[in-house]
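Below, each chain spelled out in residue letters.
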Amino acid sequence: MAEHLADLSRLAGEHVGRLNATAPVTAGSGPDIRHIHGLPEISRAIGEALGGARREILTAQPDGSRPSGVLKEALESVRRHISAGVSMRTLYQHSTRFDEATKEYVREVTKLGASVRTLDEFFDRLVIVDDVAFIAANEDRTSAAAVREPAVVRFLRDTFDRSWDRAQPFPFVPHHAAKAADEVMPAIRESIKRLLFEGYSDRQIARRLGISERSLQTHIAGMKQELGARNRLQMGYLLGRNEAAAAR
């Protein structure tokens, strides 16, 4: 599913040159796919769409926790939309369960009526506001595509819903990170193992899981210790042997 969404982002980026890039993102106007360049313009376009939200806001936020200042601004936005009767759901990655600012934010928005869940990894950043969806159009997310084509928006919403169904509710009790680790560590370690098998670099694995490369190294060190491996090469051999034994 993540690969399909990445392809969709790429295709959107290839076709936006033929579209009008100046139309505002407001209900019922603009081209089916509009390219937006630069973080300020992306924020402005999403803000305009959020200002006109009437039914539903879906957000998928990869890359782990966000700065506390951003979360405070987001809390006020959630408060306004929930009070106006707009449904809100957010997907984070499991790594956010270790961040105190994120836990406090989720606690507050849940009280207001929003829903938050987490996954080990999922697709790139996605925002859907009623009938318009925003997806990244390049790797560093400095360009985005605002999508209005109903079939594409329906596909993106279905992608979000399928990931939502697999996700776990964000916990609040107990508050300590050690307890959160008990709930999500197996899924994180399993993803690391799978991505290592598939040949991804440390940088790519860390980005996909929303953790730092240093945190990734800590996980790998723990995996080596559990297996009794002296180095990553031996760890790979032992993991492969265990997988083969389990498949028999």
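Residues numbered from 1 in each chain as written. Predicted model: local features only at pLDDT ≥ 70, side-chain atom pairs only at ≥ 80, totals over all residues. Heavy atoms only, no water.

Chemist: So what about the overall build of the protein? Which residues, and what values?
Modeler: Across its full length, the protein holds nine helices and eight strands. Out of the 248 residues in the protein, the part that is buried amounts to 44%. In the protein, the share of contacts with a sequence separation of at least 24, taken over all contacts with a separation of at least 6, comes to 72%. Carbon and sulfur atoms make up 53% of the accessible area of the protein, which totals about 13,000 Å². (Helix = DSSP H or I, 4+ residues; strand = E, 2+ residues; numbered from the N terminus. Buried < 20%, exposed > 50% of the residue type's maximum accessible area, 1.4 Å probe, protein only. Contact = heavy atoms within 4.5 Å. Areas by Shrake-Rupley, 256 points an atom, 1.4 Å probe, with all protein chains shown as cover.)

Chemist: Before we move on, could you go through the sheet that holds strand S6 (residues 132-136) and cite the residues and values that matter?
Modeler: Across the sheet, which stays open at both edges, the eight strands sit in the order S1-S7-S6-S5-S2-S3-S4-S8 with mixed pairing between neighbours. At either end of the open sheet lies a strand with only one pairing partner, and these are strand S1 (33-37) and strand S8 (168-169). Bridge count for strand S3 (residues 87-93) against strand S4 (residues 115-119) is five bridges, and the pairing is parallel. Note on S4: the bridge partner recorded for leucine 91 is arginine 117. Contacts from helix H5 (residues 150-166) reach strand S2 (56-60), S3, S4, strand S5 (126-129), S6, strand S7 (143-147) and S8 within the one sheet, and its direction differs from that of S3 by about 65°. (Pairing = 2+ DSSP bridges. Axes fitted to C-alpha atoms, helices over the stretch in contact; angles between N-to-C directions.)

Chemist: Describe the side chain of aspartate 130, with residues and values.
Modeler: Inspection of the secondary structure assignment puts aspartate 130 in the loop between S5 and S6. Within polar-contact distance, the side chain of aspartate 130 engages the backbone nitrogen of arginine 54 at 2.7 Å. With residues up to four places along the chain from it excluded, the contact list for aspartate 130 reads Gly52, Ala53, Arg54, Arg55, Glu56 and Arg157. (Polar contact = N/O pair within 3.5 Å; in protein donor to acceptor, adjacent residues only side chain to side chain.)

Chemist: Let's hear about the packing of helix H3 (residues 68-83) against helix H4 (residues 100-112): which residues, and what values?
Modeler: Viewed as axis vectors pointing N to C, H3 and H4 meet at an angle of 5°, and their least axial separation amounts to 10 Å. Between H3 and H4, the interaxial angle falls into the category roughly parallel. Residue-level inspection shows Ser68, Leu71, Ala74, Leu75, Val78, Arg79 and Ile82 of H3 in contact with H4, the latter providing Ala101, Thr102, Tyr105, Glu108, Val109 and Leu112. Class assignment of the residues belonging to the contact of H3 with H4 gives a composition of nine nonpolar, two polar and two charged. (Parallel < 35°, antiparallel > 145°, perpendicular 65-115°, else oblique. Nonpolar A, V, L, I, M, F, W, Y, C, P; charged D, E, K, R; others polar.)

Chemist: Explain helix H2 (residues 39-51) to me, using residue names and the numbers behind them.
Modeler: For H2, built from 13 residues, the straight-helix expectation of 18 Å at 1.5 Å per residue is met to within 8% by its first-to-last C-alpha distance of 18 Å. Lining the buried residues of H2 we find S1, S5, S6 and S7. (Expected span 1.5 Å × (residues − 1).)

Chemist: Any details on unusual backbone geometry? Residues and values, ideally.
Modeler: Trans peptide bonds make up most of the peptide bonds, and negative phi angles are found at most residues other than glycine. A positive phi is found at aspartate 130, a non-glycine position, where the angle reads about 55°. With a phi close to 65°, arginine 141 is a non-glycine residue in the positive phi region.

Chemist: Pulling in residues and values, what's your account of the environment of serine 143?
Modeler: Checked against the element boundaries, serine 143 lands in strand S7. Taking the C-alpha atoms as reference points, serine 143 and isoleucine 42, 101 residues apart in sequence, are found 7.4 Å from one another. Those residues in contact with serine 143 that sit more than four places away from it in its chain are His35, Ile36, His37, Ile42, Ala136, Ala137 and Asn138.

Chemist: Before we move on, could you go through the pairing of S6 and cite the residues and values that matter?
Modeler: Summarising burial for S6: five of the five residues are buried, a large majority. Residues Val132, Phe134 and Ala136 line one face of S6 and the alternating positions Ala133 and Ile135 line the opposite face, and both faces are buried. Summarising the sheet, S5 and S6 pair through four bridges and their orientation is antiparallel. What sits directly across from leucine 126, in S6, is isoleucine 135. Connecting S5 to the next strand, S6, in antiparallel fashion are two residues, including aspartate 130 with a positive phi near 55°. Summarising the sheet, S6 and S7 pair through four bridges and their orientation is antiparallel. Note on S7: the bridge partner recorded for alanine 136 is alanine 144.

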